[in-house]
Amino acid sequence: MDKRNALRAGAVTAAATLMMLMTSPAMALTRDDGDDPGAGLSVAQTLGLYVLAPIVLFAIIAGLLMLPSLGKGKGENK
């Protein structure tokens, strides 16, 4: 029974890998009708958008969630 599960897992893994290879971004080189790509992002814009913006948003949300606990004094926990 264990051998059958291993064979099934191998088949699923092989099929998933094959599907990922067939739908690779290399297929995106062919332009579709109506495709109008804009200008690319610079390195600074890319880092700001995908690195700095999520970190800043995380810090803002974490700070807002910590505000209620920061307002409580140490003497109130009696």
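Residues numbered from 1 in each chain as written. Predicted model: local features only at pLDDT ≥ 70, side-chain atom pairs only at ≥ 80, totals over all residues. Heavy atoms only, no water.

Q: Requested: an account of the overall build of the protein chain, with residues and values cited.
A: If you tally the helices and strands in the protein chain, you get 2 helices and 0 strands. Here the protein chain holds 78 residues, and 0% of them are scored as buried. On the protein chain, roughly 7500 Å² of surface is accessible, and the fraction owed to carbon and sulfur atoms is 69%. (Helix = DSSP H or I, 4+ residues; strand = E, 2+ residues; numbered from the N terminus. Buried < 20%, exposed > 50% of the residue type's maximum accessible area, 1.4 Å probe, protein only. Areas by Shrake-Rupley, 256 points an atom, 1.4 Å probe, with all protein chains shown as cover.)

Q: I'd love a proper account of a nonpolar patch on the surface, names of residues and values included.
A: A cluster of nonpolar side chains, contributed by Val56, Leu57, Ile60, Ile61, Leu64, Leu65, Met66, Leu67 and Leu70, occupies part of the molecular surface with about 930 Å² of accessible area. Looking at the element boundaries, methionine 66 is found in helix H2 (residues 43-71). Classification of methionine 66 as partly exposed rests on a relative accessible area of 44%. (Patch = residues over 30% accessible without salt bridge, like charges linked within 9 Å, V, L, I, M, F, W, Y side chains within 5 Å. Salt bridge = Lys/Arg side-chain N within 4 Å of Asp/Glu carboxyl O.)

Q: Help me get a handle on H2, residues and values and all.
A: With 29 residues, H2 extends 40 Å between its outermost C-alpha atoms, agreeing within 8% with the 42 Å of an ideal straight helix rising 1.5 Å per residue. The principal kink in H2, of about 35°, is found at leucine 52, preceding the proline proline 54 by one to four residues. (Expected span 1.5 Å × (residues − 1). Bend = angle between axes of the 7 residues up to and from the residue.)

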